[in-house]
Amino acid sequence: MATLKDVARLAGVSVKTVSNVVNGYSFVKPDNRRRVEEALEATGYRPNLGARNLRRGRTGFIALVLPELSIPYFAELAGLVIAAAQEHEWNVLIEQTFGTLSGERQALASLGPHLVDAAILSPEALQVEDFQLSVPAVLLGEHDVEVPISRVGIDNVAAAMTAVRHLISLGRTRIAAIGAHPQRGTAALRLEGYRAALEEAGLPFVSSLVVPAVNYHRADGAAAMRALLDLRNPPDAVFCFNDLLAVGAMRTAAERFVRVPHDLAIVGFDNNDESAYSSPSLTSVAPDKAAIARAAVDLLRQRADSPDLALDDVQTPFSLQVRESTVAR
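In this convention, every chain numbers its residues from 1, walking through the sequence in written order. Side-chain atom pairs in this predicted model are given and counted only at pLDDT of 80 or more, local residue features only at pLDDT of at least 70, and totals for whole chains, interfaces and linings cover all residues. The basis for every side-chain value is the complete set of heavy atoms in the structure, and neither hydrogens nor water enter the calculation.

Here we take up the nonpolar core. Among buried residues, the Ala, Val, Leu, Ile, Met, Phe, Trp, Tyr and Cys ones that are joined through side-chain atoms within 4.5 Å form a nonpolar core. The buried label applies to any residue whose accessible area, calculated with a 1.4 Å probe on protein chains only, is under 20% of its type's maximum; exposed applies above 50%, and partly exposed to all values in between. Grouped together as the largest cluster of nonpolar side chains are 72 residues, with contacts concentrated most on I120, Y194, V238, F239 and I266. These domain limits were set by an automatic method or by a database of domain assignments. Summarising the domain contributions, this core has at least three residues from each of domain 2 (59-153 + 289-317) and domain 3 (156-287). Contacts are residue-level and defined by heavy atoms, with any inter-residue pair within 4.5 Å sufficient. In contact with Y194, other than residues within four places in its own chain, are A160, V164, I175, A176, A177, F205, L209, V210 and F239.

With mixed pairing, the 6 strands of this open sheet are ordered in space as β7-β6-β8-β9-β10-β12. Taken across any chain shown, the strands that pair with only one partner, and hence form the sheet edges, are β7 (210-212) and β12 (318-321). Each strand of the sheet is rotated relative to its neighbour by a mean of 15°, with strand direction disregarded. To obtain each axis, a line is fitted to C-alpha atoms, and for helices this fit is confined to the stretch in contact; angles are then taken between N-to-C directions over 0 to 180 degrees. A run of H or I in DSSP counts as a helix once it spans at least four residues, and a run of E counts as a strand once it spans at least two, with each numbered from the N terminus. Where helix α10 (residues 243-255) meets the sheet, its contacts fall on β6 (175-180), β8 (237-240), β9 (265-269) and β10 (283-287), and the angle it forms with β9 comes to roughly 155°. Strands were regarded as paired on the criterion that DSSP finds at least two bridges between them.

Moving on, we get to unusual backbone geometry. A cis amide bond links V260 with the next residue in sequence, P261, at an omega value of 10°. With respect to the secondary-structure elements, P261 resides in the loop between α10 and β9. With an omega of 0°, the peptide bond running from S279 to P280 counts as cis. Turning to its location among the elements, P280 is positioned in the loop between β9 and β10. Although it is not a glycine, E89 sits at a positive phi angle of roughly 60°. Topologically, E89 is positioned in the loop between α5 (72-86) and β2 (91-96). Owing to a relative accessible area of 37%, E89 belongs among the partly exposed residues under this scheme. Despite not being glycine, F98 has its phi angle at roughly 60°, a positive value. With respect to the secondary-structure elements, F98 resides in the loop between β2 and α6 (101-109). Judged by its relative accessible area of 53%, F98 is exposed.

Here, a salt bridge means any Lys or Arg side-chain nitrogen found within 4 Å of an Asp or Glu carboxyl oxygen. All chains considered together, the criterion is met by 12 salt bridges. Residues E38 and R34 are paired through a salt bridge, measuring 3.3 Å at the closest nitrogen-oxygen approach. Residue E38 and its partner R34 are both found in helix α3 (residues 30-43); the two are separated by 4 residues, about one turn of the helix. A relative accessible area of 47% places E38 in the partly exposed class. When its relative accessible area of 39% is taken as the criterion, R34 is described as partly exposed. Bridged by salt links that share partners, the residues D31, R34, R35 and E38 form one connected network.

Further remarks concern the domain arrangement of the protein. Interfaces are frequently sized by the accessible area removed from exposure as the parts join. Partitioning the protein into structural domains gives domain 1 (4-47), domain 2 (59-153 + 289-317) and domain 3 (156-287). The partner domain 3 presents 16 residues to the 12 residues of domain 2 that form the contact. Accessible area, probed at 1.4 Å, shrinks when two parts are joined; the buried area is that loss added up over both. Of the roughly 1200 Å² buried where domain 2 meets domain 3, counting both sides, 46% is carbon and sulfur surface. Looking at the side of domain 2 facing domain 3, the largest losses of area belong to E124, E142 and K289, adding up to 39% of the total buried there. In this assembly, domain 2 and domain 3 are joined by 0 salt bridges. Between N or O atoms, a polar contact is any pair within 3.5 Å; within protein, one atom must be a potential hydrogen donor and the other a potential acceptor, and residues adjacent in sequence are included only when both atoms are from side chains. Taken together, the links from domain 2 to domain 3 amount to 5 residue pairs in polar contact (both at pLDDT 80 or more). Those elements that place two or more of their residues in the side of domain 2 that touches domain 3 are α5 and α11 (289-305). For the side of domain 2 that touches domain 3, the element with the most residues is α5, which contributes 3 residues.

This is the structure we're talking about:
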């Protein structure tokens, strides 16, 4: 493998000049920089990131702690975090907790400055006393726990209101919700937005139209939809707290010969890739996942470089992607 000395010899400059170019320093003469870059290309030199991080007192890794990679939202987000981290010369270690308290505690206990420089966390069950961290961290999403950690996410109440307002604008009056969950902070906020939109439109809140989901999988959505269709007065629309629940709900509707969207309009949340290709395609709240990933990694970089920075609460944009599950084409 080529060394800094090889590159310096070919470029006709000092090893220090090559090092300055490789490390991105700006105080290099343009002609020297050009010669070094040409020599780097010709020799195929690749910096030893491990040695560089060792000199800087860093590991070169960050942790990403997520509930379930089988849920498309988290899988897509993980890919975006990896891409954003690469821009900061970080590799990403992924921990899957399955959203359990024991899994999340175990993941946090394993994080330390010997292993990672910082961590991005998406917890579902952790309590305030569990947040004993020895590395800088950022929380994804909105949570009930009040801890001194910067956060990145969308306004879940506003996003849920947007989804339900869309259903109301279509003339739907008996709107159900699938996904209530006592331990998920985002679920409570989406339920709050659901109720707020109903109240805003003068529609009653009917508790029998709110169905919980232990997990946010397709099977949970299908089971919840069966319960709703078995009601004496079933809904004419459903707001699902993620896209997998919505896909499961659409499957049950098809099995019961309930036409979507003619008899039943359905909105999901997350706008994963599957939502655009389901049949019918799924109307879904679309968080800007790329913006979430970039903001989280940028905050980590800032806090890793300056641990005493003030905490930040970054809200990223969202939109509603209207498709065939609410508006027939």
